[in-house]
Amino acid sequence: MAIDQKYTDLINADIDGEISDAEKATLSAFLAQSEEGRSVHSELTAFFGSLDTVDPELPPPHLRHVIMSSIRPVPEKPESPGYLQALFASSSLKFAATFAAGAVLALSVVDSNRISNSAFDDVARLVGTIADPVNGESRNSITVNKTEIAGKISLRQTGSMLILDFDLVAMDPIEIEAVYADRTIWFNGFASLQSSGTSISAESGRVTIGMEGKRRYAVFLHNEGDRRITVSLRFIVGGEVIHEASLDYDPAE
Amino acid sequence: MNKPNETTLIERCIKGDRQAFETLLIQYEKPVFNAAYRMLNNRDDASDVTQTVFLKVYENFDSFDPSRRFFSWIYRITLNESINWLVRQNRLAPLPHDTADQGKSPEQELDSAQRCAAVQAALMTIKTEYRTVIIMKHFLGCSYAEIGDALEIEEKKVKSRLYTARQLLKDALTSSGIN
(Lines give C-alpha, C1' and ligand atoms only; values in the text may rest on other atoms or scores of the structure.)
Protein backbone atom coordinates (compact mmCIF):
# COMPACT_ATOMS: atom_id res chain seq x y z
CA MET A 1 0.00 0.00 0.00
CA ALA A 2 1.33 3.39 -0.94
CA ILE A 3 2.28 5.77 1.83
CA ASP A 4 0.15 8.87 2.15
CA GLN A 5 1.91 11.89 0.65
CA LYS A 6 1.62 13.68 3.98
CA TYR A 7 3.84 11.07 5.65
CA THR A 8 6.24 10.96 2.74
CA ASP A 9 6.70 14.71 3.14
CA LEU A 10 7.27 14.27 6.84
CA ILE A 11 9.85 11.55 6.23
CA ASN A 12 11.71 13.84 3.81
CA ALA A 13 11.50 16.77 6.23
CA ASP A 14 12.76 14.59 9.07
CA ILE A 15 15.78 13.40 7.14
CA ASP A 16 16.48 16.97 6.05
CA GLY A 17 16.35 18.10 9.68
CA GLU A 18 13.53 20.49 8.90
CA ILE A 19 10.71 19.09 10.99
CA SER A 20 8.85 20.74 13.85
CA ASP A 21 8.23 19.00 17.17
CA ALA A 22 4.55 18.52 16.36
CA GLU A 23 5.37 17.06 12.94
CA LYS A 24 7.99 14.81 14.52
CA ALA A 25 5.39 13.43 16.92
CA THR A 26 3.00 12.77 14.05
CA LEU A 27 5.71 11.01 12.09
CA SER A 28 6.81 8.91 15.05
CA ALA A 29 3.27 7.73 15.59
CA PHE A 30 2.97 6.80 11.95
CA LEU A 31 6.29 4.94 11.85
CA ALA A 32 5.41 3.02 14.99
CA GLN A 33 2.48 1.40 13.23
CA SER A 34 3.75 1.24 9.63
CA GLU A 35 6.43 -1.23 8.65
CA GLU A 36 6.42 0.15 5.13
CA GLY A 37 6.90 3.64 6.53
CA ARG A 38 9.93 2.51 8.53
CA SER A 39 11.34 0.81 5.48
CA VAL A 40 10.97 3.93 3.36
CA HIS A 41 12.43 6.08 6.12
CA SER A 42 15.41 3.80 6.41
CA GLU A 43 15.93 3.59 2.65
CA LEU A 44 15.73 7.34 2.17
CA THR A 45 18.04 8.00 5.09
CA ALA A 46 20.66 5.79 3.46
CA PHE A 47 20.13 7.37 0.05
CA PHE A 48 20.30 10.97 1.25
CA GLY A 49 23.28 10.07 3.40
CA SER A 50 25.13 8.74 0.37
CA LEU A 51 24.52 12.05 -1.43
CA ASP A 52 25.87 14.00 1.48
CA THR A 53 29.09 11.99 1.50
CA VAL A 54 29.99 12.75 -2.11
CA ASP A 55 33.35 14.52 -2.00
CA PRO A 56 33.30 18.13 -3.15
CA GLU A 57 35.00 18.81 -6.45
CA LEU A 58 37.84 21.18 -5.71
CA PRO A 59 38.79 24.06 -8.02
CA PRO A 60 42.16 24.08 -9.78
CA PRO A 61 44.80 25.83 -7.67
CA HIS A 62 45.42 28.61 -10.16
CA LEU A 63 41.76 29.61 -10.48
CA ARG A 64 41.87 32.11 -7.64
CA HIS A 65 44.84 33.87 -9.21
CA VAL A 66 43.14 33.92 -12.58
CA ILE A 67 40.05 35.48 -11.06
CA MET A 68 42.03 38.06 -9.12
CA SER A 69 43.93 38.87 -12.30
CA SER A 70 40.65 39.27 -14.13
CA ILE A 71 39.17 41.97 -11.99
CA ARG A 72 39.97 45.55 -12.81
CA PRO A 73 42.21 47.31 -10.32
CA VAL A 74 40.78 50.35 -8.59
CA PRO A 75 41.85 53.21 -10.87
CA GLU A 76 42.36 55.84 -8.18
CA LYS A 77 45.00 53.83 -6.38
CA PRO A 78 48.15 53.73 -8.49
CA GLU A 79 50.71 51.72 -6.60
CA SER A 80 53.82 52.89 -8.38
CA PRO A 81 54.82 55.02 -11.34
CA GLY A 82 54.24 53.51 -14.73
CA TYR A 83 57.04 51.42 -15.93
CA LEU A 84 57.15 52.94 -19.35
CA GLN A 85 57.48 56.44 -17.93
CA ALA A 86 60.26 55.32 -15.68
CA LEU A 87 61.92 53.51 -18.51
CA PHE A 88 61.84 56.41 -20.96
CA ALA A 89 63.03 58.79 -18.28
CA SER A 90 66.17 56.76 -17.80
CA SER A 91 68.97 57.46 -20.26
CA SER A 92 70.69 54.25 -19.30
CA LEU A 93 67.81 52.30 -20.74
CA LYS A 94 67.81 53.69 -24.26
CA PHE A 95 67.18 50.28 -25.70
CA ALA A 96 63.69 50.50 -24.38
CA ALA A 97 62.86 53.28 -26.81
CA THR A 98 62.42 50.64 -29.43
CA PHE A 99 59.47 49.14 -27.68
CA ALA A 100 56.75 48.89 -30.27
CA ALA A 101 56.34 47.20 -33.57
CA GLY A 102 58.36 44.37 -35.03
CA ALA A 103 58.45 41.97 -32.22
CA VAL A 104 61.19 39.47 -31.74
CA LEU A 105 59.58 38.32 -28.60
CA ALA A 106 55.87 38.21 -29.21
CA LEU A 107 54.14 38.96 -26.06
CA SER A 108 51.37 36.58 -25.45
CA VAL A 109 49.13 35.80 -22.62
CA VAL A 110 47.29 32.83 -23.85
CA ASP A 111 44.90 30.15 -22.72
CA SER A 112 41.68 32.06 -22.94
CA ASN A 113 40.68 35.50 -23.99
CA ARG A 114 39.46 36.24 -20.55
CA ILE A 115 42.76 35.33 -19.00
CA SER A 116 44.76 37.32 -21.46
CA ASN A 117 42.66 40.44 -21.25
CA SER A 118 42.44 40.31 -17.54
CA ALA A 119 46.14 39.78 -17.11
CA PHE A 120 46.73 42.94 -19.08
CA ASP A 121 44.23 44.79 -16.98
CA ASP A 122 45.71 43.63 -13.78
CA VAL A 123 49.33 44.12 -14.58
CA ALA A 124 48.96 47.49 -16.18
CA ARG A 125 52.68 48.00 -16.54
CA LEU A 126 53.35 45.21 -18.98
CA VAL A 127 56.47 45.57 -21.04
CA GLY A 128 54.53 45.16 -24.21
CA THR A 129 56.13 44.22 -27.45
CA ILE A 130 59.86 44.38 -27.37
CA ALA A 131 61.59 45.40 -30.55
CA ASP A 132 65.08 44.33 -29.63
CA PRO A 133 66.12 41.23 -27.82
CA VAL A 134 66.94 42.21 -24.29
CA ASN A 135 70.56 41.31 -23.78
CA GLY A 136 70.65 41.29 -20.05
CA GLU A 137 73.59 40.06 -18.10
CA SER A 138 73.22 36.48 -16.97
CA ARG A 139 73.20 36.33 -13.19
CA ASN A 140 72.05 32.91 -12.21
CA SER A 141 70.42 29.77 -13.54
CA ILE A 142 69.07 26.42 -12.49
CA THR A 143 68.30 23.23 -14.33
CA VAL A 144 65.29 21.08 -13.66
CA ASN A 145 65.40 17.39 -14.39
CA LYS A 146 62.22 15.77 -13.21
CA THR A 147 59.99 13.23 -14.89
CA GLU A 148 57.22 15.79 -15.08
CA ILE A 149 59.33 18.72 -16.23
CA ALA A 150 62.84 19.33 -17.49
CA GLY A 151 64.85 22.27 -18.75
CA LYS A 152 66.53 25.45 -17.63
CA ILE A 153 65.50 28.66 -15.92
CA SER A 154 67.86 31.61 -16.03
CA LEU A 155 67.91 34.98 -14.37
CA ARG A 156 69.26 37.98 -16.26
CA GLN A 157 69.44 41.62 -15.32
CA THR A 158 69.53 44.80 -17.31
CA GLY A 159 69.09 48.13 -15.60
CA SER A 160 66.17 47.86 -13.25
CA MET A 161 64.74 44.91 -15.12
CA LEU A 162 65.15 41.31 -14.03
CA ILE A 163 64.33 38.69 -16.62
CA LEU A 164 63.45 35.12 -15.83
CA ASP A 165 63.96 32.97 -18.91
CA PHE A 166 62.11 29.68 -18.95
CA ASP A 167 63.09 26.95 -21.41
CA LEU A 168 61.13 23.94 -20.29
CA VAL A 169 59.39 20.82 -21.44
CA ALA A 170 56.48 19.32 -19.52
CA MET A 171 54.69 16.14 -20.48
CA ASP A 172 51.46 17.14 -18.78
CA PRO A 173 49.93 20.42 -17.64
CA ILE A 174 52.03 21.97 -14.94
CA GLU A 175 51.82 25.13 -12.92
CA ILE A 176 54.91 27.10 -11.96
CA GLU A 177 54.73 29.62 -9.17
CA ALA A 178 57.44 32.26 -8.96
CA VAL A 179 57.25 33.96 -5.57
CA TYR A 180 59.31 36.93 -4.42
CA ALA A 181 58.86 38.35 -0.98
CA ASP A 182 59.99 41.89 -1.72
CA ARG A 183 56.76 43.75 -2.59
CA THR A 184 58.66 46.71 -4.01
CA ILE A 185 59.48 44.46 -6.92
CA TRP A 186 56.62 44.07 -9.32
CA PHE A 187 55.65 41.94 -12.26
CA ASN A 188 56.37 43.89 -15.41
CA GLY A 189 55.44 41.68 -18.28
CA PHE A 190 55.52 38.36 -20.02
CA ALA A 191 56.90 37.36 -23.37
CA SER A 192 56.55 34.08 -25.13
CA LEU A 193 58.93 32.85 -27.81
CA GLN A 194 58.24 30.10 -30.34
CA SER A 195 55.29 28.84 -28.45
CA SER A 196 51.81 29.56 -27.31
CA GLY A 197 49.49 27.81 -24.94
CA THR A 198 51.00 29.30 -21.85
CA SER A 199 48.80 30.99 -19.30
CA ILE A 200 49.92 33.50 -16.73
CA SER A 201 48.46 35.34 -13.81
CA ALA A 202 50.15 37.80 -11.51
CA GLU A 203 49.52 39.30 -8.16
CA SER A 204 51.68 41.15 -5.69
CA GLY A 205 54.75 39.03 -5.00
CA ARG A 206 53.68 36.11 -7.12
CA VAL A 207 53.53 35.10 -10.76
CA THR A 208 51.83 31.85 -11.72
CA ILE A 209 52.41 30.24 -15.08
CA GLY A 210 50.55 27.30 -16.55
CA MET A 211 52.15 25.35 -19.36
CA GLU A 212 52.33 22.05 -21.19
CA GLY A 213 54.69 20.74 -23.84
CA LYS A 214 57.86 22.55 -24.92
CA ARG A 215 57.77 26.20 -24.00
CA ARG A 216 60.14 29.16 -24.05
CA TYR A 217 59.04 32.32 -22.37
CA ALA A 218 60.25 35.15 -20.18
CA VAL A 219 58.86 36.89 -17.13
CA PHE A 220 59.95 40.47 -16.47
CA LEU A 221 60.24 41.91 -13.01
CA HIS A 222 60.84 45.54 -12.24
CA ASN A 223 63.47 46.00 -9.54
CA GLU A 224 63.63 49.76 -9.21
CA GLY A 225 65.99 49.86 -6.25
CA ASP A 226 68.30 47.18 -7.65
CA ARG A 227 67.51 45.19 -4.58
CA ARG A 228 68.65 41.76 -3.65
CA ILE A 229 65.96 39.25 -4.50
CA THR A 230 65.26 35.58 -4.18
CA VAL A 231 62.70 34.10 -6.53
CA SER A 232 61.27 30.90 -5.13
CA LEU A 233 59.96 28.52 -7.75
CA ARG A 234 57.40 25.84 -7.11
CA PHE A 235 56.39 23.29 -9.72
CA ILE A 236 52.88 21.97 -9.18
CA VAL A 237 51.13 19.10 -10.88
CA GLY A 238 47.55 18.28 -9.98
CA GLY A 239 47.75 20.46 -6.89
CA GLU A 240 50.86 18.69 -5.61
CA VAL A 241 54.26 20.37 -5.41
CA ILE A 242 56.66 18.09 -7.27
CA HIS A 243 59.74 20.29 -7.19
CA GLU A 244 61.06 23.46 -5.58
CA ALA A 245 64.01 25.65 -6.45
CA SER A 246 65.15 29.24 -6.11
CA LEU A 247 67.08 31.84 -8.05
CA ASP A 248 69.02 34.58 -6.28
CA TYR A 249 69.94 37.98 -7.56
CA ASP A 250 72.51 39.94 -5.59
CA PRO A 251 73.51 43.31 -7.10
CA ALA A 252 76.81 43.14 -5.23
CA GLU A 253 77.93 40.05 -7.04
CA MET B 1 21.30 38.53 7.30
CA ASN B 2 24.98 38.15 6.56
CA LYS B 3 27.56 37.51 9.23
CA PRO B 4 28.99 40.78 10.61
CA ASN B 5 32.45 40.25 9.15
CA GLU B 6 30.90 39.32 5.81
CA THR B 7 28.84 42.50 5.83
CA THR B 8 32.02 44.50 6.40
CA LEU B 9 33.76 42.63 3.62
CA ILE B 10 30.92 43.35 1.22
CA GLU B 11 30.96 47.04 2.13
CA ARG B 12 34.69 47.13 1.42
CA CYS B 13 34.12 45.30 -1.87
CA ILE B 14 31.55 47.87 -2.91
CA LYS B 15 34.26 50.49 -2.44
CA GLY B 16 36.54 48.49 -4.71
CA ASP B 17 38.74 46.87 -2.08
CA ARG B 18 40.48 44.02 -3.88
CA GLN B 19 41.79 42.45 -0.71
CA ALA B 20 38.27 42.20 0.71
CA PHE B 21 37.15 40.68 -2.56
CA GLU B 22 39.92 38.10 -2.40
CA THR B 23 38.78 37.15 1.10
CA LEU B 24 35.26 36.57 -0.20
CA LEU B 25 36.73 34.68 -3.13
CA ILE B 26 38.65 32.37 -0.82
CA GLN B 27 35.48 31.78 1.19
CA TYR B 28 33.21 31.03 -1.76
CA GLU B 29 35.52 29.70 -4.47
CA LYS B 30 35.11 26.06 -3.46
CA PRO B 31 31.30 25.91 -3.10
CA VAL B 32 30.80 27.96 -6.27
CA PHE B 33 33.15 25.73 -8.26
CA ASN B 34 31.63 22.60 -6.80
CA ALA B 35 28.10 23.75 -7.65
CA ALA B 36 29.14 24.69 -11.18
CA TYR B 37 30.87 21.35 -11.62
CA ARG B 38 27.79 19.45 -10.42
CA MET B 39 25.69 21.40 -12.90
CA LEU B 40 28.06 21.05 -15.84
CA ASN B 41 30.00 17.84 -15.22
CA ASN B 42 33.17 19.35 -16.63
CA ARG B 43 36.04 20.92 -14.68
CA ASP B 44 37.12 23.35 -17.40
CA ASP B 45 33.56 24.57 -17.87
CA ALA B 46 33.14 24.86 -14.12
CA SER B 47 36.34 26.94 -13.95
CA ASP B 48 35.06 29.29 -16.63
CA VAL B 49 31.70 29.65 -14.95
CA THR B 50 33.32 30.22 -11.56
CA GLN B 51 35.44 32.96 -13.10
CA THR B 52 32.37 34.55 -14.68
CA VAL B 53 30.45 34.36 -11.42
CA PHE B 54 33.10 36.20 -9.46
CA LEU B 55 33.55 38.79 -12.18
CA LYS B 56 29.80 39.43 -12.15
CA VAL B 57 29.80 39.64 -8.38
CA TYR B 58 32.68 42.10 -8.42
CA GLU B 59 31.11 44.25 -11.10
CA ASN B 60 27.64 44.21 -9.58
CA PHE B 61 28.26 44.79 -5.90
CA ASP B 62 26.40 48.07 -6.30
CA SER B 63 23.23 46.17 -7.09
CA PHE B 64 23.56 43.81 -4.13
CA ASP B 65 21.06 44.40 -1.34
CA PRO B 66 23.05 44.01 1.92
CA SER B 67 19.87 43.07 3.79
CA ARG B 68 19.82 39.87 1.76
CA ARG B 69 22.10 36.92 2.27
CA PHE B 70 25.24 37.09 0.21
CA PHE B 71 25.44 33.36 -0.35
CA SER B 72 21.90 33.31 -1.76
CA TRP B 73 22.97 35.95 -4.23
CA ILE B 74 26.20 34.28 -5.32
CA TYR B 75 24.63 30.82 -5.51
CA ARG B 76 21.82 32.16 -7.65
CA ILE B 77 24.35 33.75 -9.99
CA THR B 78 26.27 30.47 -10.06
CA LEU B 79 23.28 28.37 -10.97
CA ASN B 80 22.01 30.87 -13.53
CA GLU B 81 25.42 31.13 -15.15
CA SER B 82 25.68 27.34 -15.25
CA ILE B 83 22.30 27.08 -16.92
CA ASN B 84 23.25 29.83 -19.37
CA TRP B 85 26.41 27.89 -20.14
CA LEU B 86 24.43 24.73 -20.81
CA VAL B 87 22.08 26.67 -23.09
CA ARG B 88 25.00 28.12 -25.04
CA GLN B 89 26.54 24.66 -25.38
CA ASN B 90 23.17 23.21 -26.36
CA ARG B 91 23.46 20.85 -23.42
CA LEU B 92 20.43 21.85 -21.43
CA ALA B 93 18.59 18.60 -22.06
CA PRO B 94 19.33 15.86 -19.55
CA LEU B 95 21.62 13.10 -20.73
CA PRO B 96 19.99 9.77 -21.50
CA HIS B 97 20.47 7.15 -18.82
CA ASP B 98 22.71 4.94 -20.93
CA THR B 99 25.14 7.85 -21.33
CA ALA B 100 25.29 8.17 -17.59
CA ASP B 101 25.80 4.44 -17.10
CA GLN B 102 29.07 3.79 -15.35
CA GLY B 103 29.18 0.21 -16.54
CA LYS B 104 29.03 -1.31 -13.08
CA SER B 105 27.11 -4.45 -12.30
CA PRO B 106 24.85 -4.34 -9.25
CA GLU B 107 27.08 -6.86 -7.56
CA GLN B 108 30.14 -4.77 -8.05
CA GLU B 109 31.45 -3.14 -4.94
CA LEU B 110 31.59 0.61 -5.40
CA ASP B 111 34.32 2.55 -3.77
CA SER B 112 33.87 6.15 -2.79
CA ALA B 113 35.24 7.60 -6.03
CA GLN B 114 33.05 5.35 -8.13
CA ARG B 115 30.00 6.29 -6.12
CA CYS B 116 30.81 9.98 -6.54
CA ALA B 117 31.13 9.47 -10.28
CA ALA B 118 27.90 7.51 -10.37
CA VAL B 119 26.01 10.20 -8.49
CA GLN B 120 27.45 12.86 -10.77
CA ALA B 121 26.47 10.87 -13.86
CA ALA B 122 22.97 10.38 -12.48
CA LEU B 123 22.69 14.09 -11.75
CA MET B 124 23.30 14.81 -15.40
CA THR B 125 20.28 12.73 -16.37
CA ILE B 126 17.77 14.93 -14.56
CA LYS B 127 16.42 18.29 -15.63
CA THR B 128 18.32 21.36 -14.53
CA GLU B 129 15.48 22.61 -12.32
CA TYR B 130 15.72 19.39 -10.31
CA ARG B 131 19.51 19.22 -10.48
CA THR B 132 19.61 22.71 -9.03
CA VAL B 133 17.71 21.87 -5.86
CA ILE B 134 19.70 18.67 -5.31
CA ILE B 135 22.94 20.63 -5.58
CA MET B 136 21.75 23.33 -3.21
CA LYS B 137 20.47 20.86 -0.64
CA HIS B 138 23.10 18.15 -0.75
CA PHE B 139 26.24 19.81 -2.10
CA LEU B 140 25.87 23.31 -0.71
CA GLY B 141 24.03 22.34 2.47
CA CYS B 142 21.26 24.91 2.08
CA SER B 143 18.00 24.77 4.00
CA TYR B 144 14.59 24.86 2.34
CA ALA B 145 14.33 28.56 3.14
CA GLU B 146 17.77 29.30 1.74
CA ILE B 147 17.03 27.40 -1.45
CA GLY B 148 13.76 29.29 -1.79
CA ASP B 149 15.55 32.58 -1.23
CA ALA B 150 18.24 31.83 -3.81
CA LEU B 151 15.88 30.49 -6.44
CA GLU B 152 13.13 32.96 -5.58
CA ILE B 153 10.52 30.28 -5.15
CA GLU B 154 8.28 29.44 -2.21
CA GLU B 155 9.46 26.96 0.40
CA LYS B 156 6.54 24.70 -0.41
CA LYS B 157 7.71 24.59 -3.99
CA VAL B 158 11.24 23.80 -2.83
CA LYS B 159 9.99 20.78 -0.92
CA SER B 160 7.96 19.38 -3.79
CA ARG B 161 10.73 20.00 -6.29
CA LEU B 162 13.28 18.39 -4.02
CA TYR B 163 11.03 15.40 -3.51
CA THR B 164 10.66 14.89 -7.25
CA ALA B 165 14.36 15.51 -7.83
CA ARG B 166 15.39 12.85 -5.37
CA GLN B 167 12.99 10.34 -6.87
CA LEU B 168 14.44 11.00 -10.31
CA LEU B 169 17.99 10.78 -9.03
CA LYS B 170 17.26 7.57 -7.19
CA ASP B 171 15.68 6.08 -10.30
CA ALA B 172 18.68 7.12 -12.38
CA LEU B 173 21.09 5.51 -9.93
CA THR B 174 18.99 2.35 -9.76
CA SER B 175 18.77 2.09 -13.53
CA SER B 176 22.54 2.25 -13.76
CA GLY B 177 22.79 -0.61 -11.30
CA ILE B 178 23.61 1.38 -8.20
CA ASN B 179 21.49 1.14 -5.10
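Residues numbered from 1 in each chain as written. Chains lettered and ligands numbered in written order. Predicted model: local features only at pLDDT ≥ 70, side-chain atom pairs only at ≥ 80, totals over all residues. Heavy atoms only, no water.

Asker: Looking at this model, I keep getting lost on the overall build of chain B. Mind explaining?
Answerer: Counting secondary structure elements, chain B contains nine helices and zero strands. Counting from the amino terminus, helix and strand elements in chain B follow one another as α-α-α-α-α-α-α-α-α. Within chain B, contacts between residues separated by at least 24 positions form 65% of all contacts whose residues are at least 6 apart in sequence. Of the roughly 8,200 Å² of accessible surface on chain B, a fraction of 47% belongs to carbon and sulfur atoms. (Helix = DSSP H or I, 4+ residues; strand = E, 2+ residues; numbered from the N terminus. Contact = heavy atoms within 4.5 Å. Areas by Shrake-Rupley, 256 points an atom, 1.4 Å probe, with all protein chains shown as cover.)

Asker: What is the right way to read the packing of helix α2 (residues 18–40) of chain B against helix α7 (residues 128–139) of chain B from this model?
Answerer: Axes are the key here: two packed helices are described by the angle between their axes and the distance separating the axes. All names here are of chain B. Contact geometry of α2 with α7 gives a least axis separation of 10 Å together with a crossing angle of 145°. By crossing handedness, the relation of α2 to α7 is classed as right-handed. Across the interface between the two elements, Asn34, Ala35, Arg38 and Met39 of α2 pack against Thr128, Arg131, Thr132, Ile135 and Phe139 of α7. Of the residues contributing to the contact of α2 with α7, the split by class is four nonpolar, three polar and two charged. (Axes fitted to C-alpha atoms, helices over the stretch in contact; angles between N-to-C directions. Left-handed = near helix turned anticlockwise from the far one by under 90°. Nonpolar A, V, L, I, M, F, W, Y, C, P; charged D, E, K, R; others polar.)

Asker: Any chance you could explain the environment of A:Glu137 here in plain terms?
Answerer: For A:Glu137, the location among the structural elements is in strand β1 (residues 137–145). Between the C-alpha atoms of A:Glu137 and A:Gly159, which are 22 residues apart in sequence, the distance is 9.6 Å.

Asker: It is not clear to me how the packing of aromatic side chains should be interpreted in this structure. Could you clarify?
Answerer: Where two aromatic rings form a pair, the distance of their centres and the angle of their planes describe that pair. This structure, assessed with the given rule, holds 15 aromatic pairs over all chains. Ring centres of B:Phe21 and B:Phe61 lie 6.4 Å apart, and the angle between their planes is 90°; this geometry places the pair in the edge-to-face category. Pair noted here: B:Phe21 is in helix α2 and B:Phe61 is in the loop between α3 (43–59) and α4 (70–88), with a separation of 40 residues, a long-range link. By relative accessible area, which is 2% here, B:Phe61 ends up buried. A cation over an aromatic ring shows up here: B:Arg166 above the ring of A:Phe48, its NZ or CZ 3.7 Å from the ring centre. (Phe/Tyr/Trp six-rings, centres within 6.5 Å; stacked < 30°, edge-to-face > 60°. Buried < 20%, exposed > 50% of the residue type's maximum accessible area, 1.4 Å probe, protein only. Lys NZ or Arg CZ within 6 Å of the ring centre and 35° of its normal.)

Asker: Help me out: how do you make sense of the nonpolar core in this one?
Answerer: Generally speaking, a soluble globular protein has its nonpolar side chains buried in company with each other. By size, the foremost hydrophobic cluster in this structure holds 73 residues, and its most contacted members are B:Phe21, B:Tyr28, B:Val57, B:Phe61, B:Phe70 and B:Ile74. Residue contributions to this core reach at least three from each of two domains, namely domain 1 (1–92) and domain 2 (94–179) of chain B. Core analysis: the next-biggest nonpolar cluster, separate from the first, contains 32 residues, A:Ile153, A:Phe166, A:Val219 and A:Tyr249 among them. (Core = buried A, V, L, I, M, F, W, Y, C linked by side-chain atoms within 4.5 Å. Domains from an automatic or database assignment.)

Asker: Explain α3(B) to me, please; I cannot follow it from the model alone.
Answerer: Think of an α-helix as 3.6 residues a turn; residues three or four steps apart then line up on the same face. All names here are of chain B. Counted at 1.5 Å a residue, the expected span for α3 with its 17 residues is 24 Å, and the 24 Å between its end C-alpha atoms agrees. The buried fraction of α3 amounts to twelve of the 17 residues, a majority that puts the element mostly inside the structure. Listing the buried residues of α3 in full gives Asp45, Ala46, Ser47, Val49, Thr50, Gln51, Thr52, Val53, Phe54, Leu55, Val57 and Tyr58. (Expected span 1.5 Å × (residues − 1).)

Asker: For this particular structure, what's the right way to read a negative patch on the surface?
Answerer: The grouping of A:Glu148, A:Asp172, A:Glu212 and A:Glu240 at the surface amounts to a negative patch. Topologically, A:Glu148 is positioned in the loop between β1 and β2 (149–158). (Patch = residues over 30% accessible without salt bridge, like charges linked within 9 Å, V, L, I, M, F, W, Y side chains within 5 Å. Salt bridge = Lys/Arg side-chain N within 4 Å of Asp/Glu carboxyl O. Lys, Arg positive; Asp, Glu negative; His and termini not counted. Charge placed at Lys NZ, Arg CZ, Asp CG, Glu CD.)

Asker: Please clarify how the interface of chain B and chain A should be interpreted in this entry.
Answerer: Accessible area lost upon the coming together of the parts serves often as the stated size of an interface. Every contact between the two is made by 36 residues of chain B and, on the other side, 33 residues of chain A. Both sides of the chain B and chain A interface together cover about 3,500 Å² of buried area, and 59% of this is carbon and sulfur. On the surface where chain B and chain A come into contact, there are five salt bridges. The closest approach of N and O atoms between A:Arg64 and B:Glu29, which form a salt bridge, is 3.2 Å. Counting across the chain B and chain A interface gives eleven residue pairs in polar contact (both at pLDDT 80 or more). Going through the elements one at a time, α2, α3, α6 (112–123), α7 and α9 (155–175) of chain B are the ones with two or more residues in the side of chain B that touches chain A. Partitioned by chemical class, the residues of the side of chain B that touches chain A number 16 nonpolar, nine polar and eleven charged. (Buried area = accessible area lost by both parts, 1.4 Å probe. Polar contact = N/O pair within 3.5 Å; in protein donor to acceptor, adjacent residues only side chain to side chain.)

Asker: Sorry if this is basic, but what is going on with the pairing of strand β6 (residues 206–222) of chain A here?
Answerer: Consecutive side chains of a regular strand alternate in pointing toward one face of the sheet and then the other. Residues and elements named next belong to chain A. Among the 17 residues of β6, twelve are classified as buried, and the element is accordingly described as predominantly covered. Bridging between strand β3 (residues 161–180) and β6 involves 16 bridges; their strand directions are antiparallel. Counted as the bridge partner of Val179 is Arg206 from β6. Here five bridges tie strand β5 (residues 199–203) to β6, and the two strands are oriented antiparallel to one another. Following the sheet pairing, Ile200 is matched in β6 by Ile209. The hairpin formed by β5 and β6 contains two residues between the paired strands, and Gly205 there has a positive phi angle of roughly 80°. (Pairing = 2+ DSSP bridges.)

Asker: Sorry if this is basic, but what is going on with the packing of helix α1 (residues 5–15) of chain A against helix α3 (residues 35–52) of chain A here?
Answerer: All names here are of chain A. Where α1 contacts α3, the two axes come as close as 10 Å, and the packing angle between them is 40°. Between α1 and α3, the angle is such that the two are oblique. For α1 against α3, the interelement crossing comes out right-handed. Contacts between α1 and α3 involve Ile11, Asn12, Asp14 and Ile15 on the former and, on the latter, Gly37, Val40, His41, Leu44, Thr45 and Phe48. (Parallel < 35°, antiparallel > 145°, perpendicular 65-115°, else oblique.)

Asker: Honestly, α3(A) in this entry has me stumped. Any pointers?
Answerer: In this model α3(A) runs 26 Å from its N-terminal to its C-terminal C-alpha over 18 residues, within 8% of the 26 Å that 1.5 Å per residue would give. All buried positions along α3(A) are accounted for by A:Gly37, A:His41, A:Leu44, A:Phe47, A:Phe48, A:Ser50 and A:Leu51. Buried-residue contacts for α3(A) involve α1 and α2 (21–33) of chain A together with α6, α7 and α9 of chain B.

Asker: I tried to follow the pairing of strand β8 (residues 240–249) of chain A on my own but got confused; where do I start?
Answerer: All names here are of chain A. Bridge analysis of strand β7 (residues 229–237) against β8 gives nine bridges, and the strand direction is antiparallel. Bridge assignment links Ser232 to a residue of β8, and that residue is Ser246. Between the end of β7 and the start of β8, which pair antiparallel, lie two residues, with Gly238 showing a positive phi angle near 55°.

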